[in-house]
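A look at the structure
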Amino acid sequence: MTESLAGQTVEGARRSLTARFKSGQIDSAELDARILIGAVLGLDLTGVIAAANRLITPGESERLEDFAHRRLRGEPIARLLGHKEFWGLPLLLSPATLVPRPDTETVVELALEMLRAVPPPDHRLRIADIGTGSGAILLALLSELPDAFGIATDVSVAALRTASANAVNLGLARRAAFVACDYAAALSNPFDLIVSNPPYIRSTEIAELASEVRDYDPHRALDGGTDGLDAYRVLVPQAARLLAHRGVLVVEVGQRQSGDIEELMTATGLMLERPAKTDLAGIRRAVAGRRLPP
């Protein structure tokens, strides 16, 4: 039985939580303790330090204990808090959405590079985000492209509700629409940019994922089939048909998948202008293809 945090100082509670998290083999024990205390007390990390001598109330102790038990069971910090930052934007999460990860920012970076490589279109830029989840990729792009309009699809209505709420919270709702469908099945008219982070984990490898991913991210958003490429076999041909001339498709891919995705793109007539973009770990993470005039 753990000692109650009620009546302890903030600093004492931080030390206690850190020790428990370290005993639970949590690598980020000290940071997690500070974040959770800050969330319960409504303080940022600096505020937690400044409030070191403040006493923890019984109500705050109860919330901290709940957070601590859930964290020790493997629940990610972002799930506990219900939000995650991506591209500098605060995004709400739900059980229907992946936790956006820094790797996916590589897709945003490559998409912006591909757009800047050609003259802008003579019409309002149109973007589609296929399998949007929390809306992370689309909303990051809209934040960088003030004249663009985006449509996000997802098979999960619950995920679309989360993405729509994020668009509202970020002041981007007037430039975004959300459509429930399988990949791009309900979309029509040409798009200048199509982006996606589809499921790409091989079915047999899901059990080997870190528990924070395996047990808390939606299975549908992870499972890419026997070889991890099922989603791309549907998505790439759909996107190739929907792209405007000089339009670009940018997708996130898993480790050692970039070559296969490049082959799928060239088979549909898309041109590979540049090599896959690597993430911070050096993994070829984002692949782009451009549709050229016939």
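See the structure shown above.
Attention in this report is confined to the structure presented alongside it. Everything numeric here is computed off the predicted structure, so don't read it as measured data. (Residues numbered from 1 in each chain as written. Predicted model: local features only at pLDDT ≥ 70, side-chain atom pairs only at ≥ 80, totals over all residues. Heavy atoms only, no water.)

**A word on the pattern of salt bridges**
Within this structure, the stated rule accounts for 22 salt bridges. Between Glu 212 and Arg 71 there is a salt bridge, with its nearest N and O atoms 2.9 Å apart. With Glu 212 in helix 9 (residues 211-214) and Arg 71 in helix 4 (residues 58-72), this residue pair connects regions lying 141 residues apart in the sequence. Classification of Glu 212 by relative accessible area gives partly exposed; the value is 31%. The exposure class of Arg 71 is buried, given its relative accessible area of 6%. Look at the salt bridges and you will find they share partners, linking Glu 11, Arg 14, Arg 15, Glu 30 and Arg 34 into a network. (Salt bridge = Lys/Arg side-chain N within 4 Å of Asp/Glu carboxyl O. Helix = DSSP H or I, 4+ residues; strand = E, 2+ residues; numbered from the N terminus. Buried < 20%, exposed > 50% of the residue type's maximum accessible area, 1.4 Å probe, protein only.)

**Here's the deal with the packing of aromatic side chains**
One pass over the structure, following the stated rule, counts 0 aromatic pairs. The ring of Phe 191 carries Arg 126 above its face, with NZ or CZ at 4.4 Å from the centroid. (Phe/Tyr/Trp six-rings, centres within 6.5 Å; stacked < 30°, edge-to-face > 60°. Lys NZ or Arg CZ within 6 Å of the ring centre and 35° of its normal.)

**Topic: the nonpolar core**
In terms of nonpolar packing, the biggest core is built from 31 residues, with Ile 127, Leu 141, Leu 142, Leu 145, Leu 193, Val 195 and Val 250 touching the most fellow members. For this core, the elements supplying multiple residues, two or more each, are strand 2 (89-92), helix 6 (105-116), helix 7 (136-144), strand 6 (191-196), strand 7 (243-252) and strand 10 (284-291). Residues within four places of Leu 145 in sequence aside, it is in contact with Leu 112, Leu 115, Leu 125, Ile 127 and Arg 175. By size, the runner-up hydrophobic cluster in this structure holds 29 residues, among which are Ile 194, Ile 201, Ile 261 and Met 265. (Core = buried A, V, L, I, M, F, W, Y, C linked by side-chain atoms within 4.5 Å. Contact = heavy atoms within 4.5 Å.)

**Here's the deal with helix 6**
Over its 12 residues, helix 6 extends 17 Å from the first C-alpha to the last, a length consistent with the 16 Å expected when each residue adds 1.5 Å. Its buried side turned inward, helix 6 meets strand 1 (83-86), helix 7, strand 6, strand 7, strand 9 (277-278) and strand 10. (Expected span 1.5 Å × (residues − 1).)

**Structural notes on the side chain of Arg 290**
By the element assignment, Arg 290 lies in strand 10. Engagement of the side chain of Arg 290 in a polar contact is seen with the backbone oxygen of Met 114, the distance being 2.8 Å. Among the polar contacts listed, one links the side chain of Arg 290 to the backbone oxygen of Arg 246, at a separation of 2.9 Å. Discounting residues that sit within four places of it in the chain, Arg 290 has contacts with Met 114, Ala 117, Val 118, Arg 246, Gly 247, Val 248, Gly 269, Leu 270, Met 271 and Glu 273. (Polar contact = N/O pair within 3.5 Å; in protein donor to acceptor, adjacent residues only side chain to side chain.)

**Notes on unusual backbone geometry**
Not every positive phi belongs to a glycine, and Gln 25 is a case in point at roughly 65 degrees. The residue Tyr 183 is not glycine, and still its phi comes out positive at about 55 degrees. Assignment of secondary structure puts Tyr 183 in the loop between strand 5 (176-180) and strand 6.

**Quick look at helix 4**
Compared with an ideal rise of 1.5 Å per residue, which puts 15 residues at 21 Å, helix 4 spans 21 Å between its outermost C-alpha atoms and is within 8% of the ideal. Looking only at helix 4, the buried set comprises Glu 60, Ser 61, Leu 64, Glu 65, Phe 67, Ala 68, Arg 70 and Arg 71. Buried residues along helix 4 sit against helix 1 (10-23), helix 2 (29-41), helix 5 (77-81) and helix 9. Where helix 4 ends, the next residue or the one after it, Gly 74, has phi of about 105 degrees, a positive value.

**Overview of the packing of helix 10 (residues 230-242) against helix 11 (residues 258-267)**
Where helix 10 contacts helix 11, the axes come no closer than 9 Å and their chain directions differ by 30 degrees. Considered as vectors, helix 10 and helix 11 are oriented roughly parallel to each other. Between helix 10 and helix 11 lies a crossing of right-handed hand. Listed contacts from helix 11 to Tyr 232, Arg 233 and Val 236 of helix 10 are Ile 261, Leu 264 and Met 265. Taken together, the residues of the contact of helix 10 with helix 11 break down into 5 nonpolar, no polar and 1 charged. (Axes fitted to C-alpha atoms, helices over the stretch in contact; angles between N-to-C directions. Parallel < 35°, antiparallel > 145°, perpendicular 65-115°, else oblique. Left-handed = near helix turned anticlockwise from the far one by under 90°. Nonpolar A, V, L, I, M, F, W, Y, C, P; charged D, E, K, R; others polar.)

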